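# What the coordinates show
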Amino acid sequence: MGQFKTFKTVVEIVRDRPGCFGLVHPVIFYSDLLQRDIVVPYEYETDFASIPKFLKDRIDVNGKHREAAIVHDFLCTHGDALGVSQKQADDVFEEAMTFLEVPKLEKWLMAQAVRAFQRIKHWRKGESYA
């Protein structure tokens, strides 16, 4: 199981971008799945969880899985440069939530919501989800 090397993530609201937050400090997660550190840099902007709107009413996107969502957002936006596929990014999201001891039901809901969002996004672009 991977582990976070940083804790107590602090963010600031990004002006002119509702629902977007910028990191005040880097977030570092060591992934056993990827066998390396994932370093999300200072000032990286995140929405915490890209999930369908109807789920945002049921799941707090700024909940216990917050750091895992930051790592996942980073892997989604920089995966190509890092050699990480969308499926691997989603798997790391689950790995990070496991480390954070996110309750099983919430972890499952978040993982399924993120996967559904990503599959739809890739389908619309004519890309494969791999």
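Note: the structure precedes this text.
Residue positions within a chain follow its written sequence, with the count starting from 1. Side-chain atom pairs in this predicted model are given and counted only at pLDDT of 80 or more, local residue features only at pLDDT of at least 70, and totals for whole chains, interfaces and linings cover all residues. For side-chain calculations, the full set of non-hydrogen atoms in the structure is used, while hydrogens and water are omitted.

### So, helix α2 (residues 66–82)
To obtain the bend at a residue, axes are fitted to the seven residues ending there and to the seven starting there, and the angle between these axes is taken. Helix numbers and strand numbers start at the N terminus; a helix is a DSSP run of H or I with at least 4 residues, a strand a run of E with at least 2. Of all bends in α2, the biggest is about 50°, found at Cys76. Residue burial is assigned from relative accessible area. The probe radius is 1.4 Å, only protein chains are included, and a residue is buried under 20% of its type maximum, exposed over 50%, and partly exposed in between. Listing the buried residues of α2 in full gives Arg66, Glu67, Ala68, Ala69, Ile70, Val71, His72, Asp73, Phe74, Leu75 and Gly79. Among the residues trailing α2, Gly83 stands out with phi positive, at a value near 70°.

### Points about the pairing of strand β4 (residues 27–31)
Successive side chains on a regular strand alternate, one facing one side of the sheet and the next facing the other. Burial along β4 is one-sided: Val27, Phe29 and Ser31 are buried, and none of Ile28 and Tyr30, which face the opposite way, are. Two strands are said to pair when DSSP picks up at least two bridges between them. Both strand β1 (residues 3–4) and β4 contribute to a ladder of 2 bridges, which runs antiparallel. The residue bridging Phe4 from the neighbouring strand is Phe29, located in β4. Here β4 runs beside strand β5 (residues 36–40); their pairing, made up of 5 bridges, is antiparallel. Looking at β5, one finds that Ile28 is bridged to Val39.

### A few points about the pattern of salt bridges
Definition used for salt bridges: Asp or Glu carboxyl oxygen within 4 Å of a side-chain nitrogen of Lys or Arg. Scanning the model with the defined rule gives 4 salt bridges in all. A salt bridge links Arg115 to Asp91, with the shortest nitrogen-to-oxygen separation between them at 2.4 Å. Here Asp91 lies in helix α3 (residues 86–99) and Arg115 lies in helix α4 (residues 104–125), a separation of 24 residues in the sequence. According to the relative accessible area criterion, Arg115 is buried, its value standing at 10%. Its relative accessible area of 24% is what places Asp91 among the partly exposed residues. Between Arg115 and Glu94 there is a salt bridge; the shortest N-O distance is 2.5 Å. Here the residue Arg115 occupies a position in helix α4, and Glu94 occupies one in helix α3, the gap between them amounting to 21 residues. By sharing partners, the salt bridges in this structure join Lys87, Asp91, Glu94 and Arg115 into a single network.

### Considering the packing of α2 against α3
Convention adopted: a line fitted to C-alpha atoms gives each axis, helices being fitted over their contacting stretch, and angles between N-to-C directions are expressed from 0 to 180 degrees. Here α2 crosses α3 at 170°, and the two axes come no closer than 9 Å. One way to sum up the angle between α2 and α3 is to call them roughly antiparallel. Between α2, through Ala68, Ala69, Val71, His72, Leu75 and Cys76, and α3, the contact on the second element is made entirely by Gln86, Ala89, Asp90, Val92, Phe93, Ala96 and Met97. By the convention adopted, Pro, Cys, Tyr, Trp, Phe, Met, Ile, Leu, Val and Ala count as nonpolar, Lys, Arg, Asp and Glu as charged, and the other residues, Gly among them, as polar. The class makeup of the residues in the contact of α2 with α3 is 10 nonpolar, 2 polar and 1 charged. Every angle not falling under 35 degrees, over 145, or within 65 to 115 is termed oblique; those three ranges are roughly parallel, roughly antiparallel and roughly perpendicular. Throughout, a contact is declared for two residues whenever any of their heavy atoms are within 4.5 Å.

Any functional reading would require information that these geometric values do not contain.
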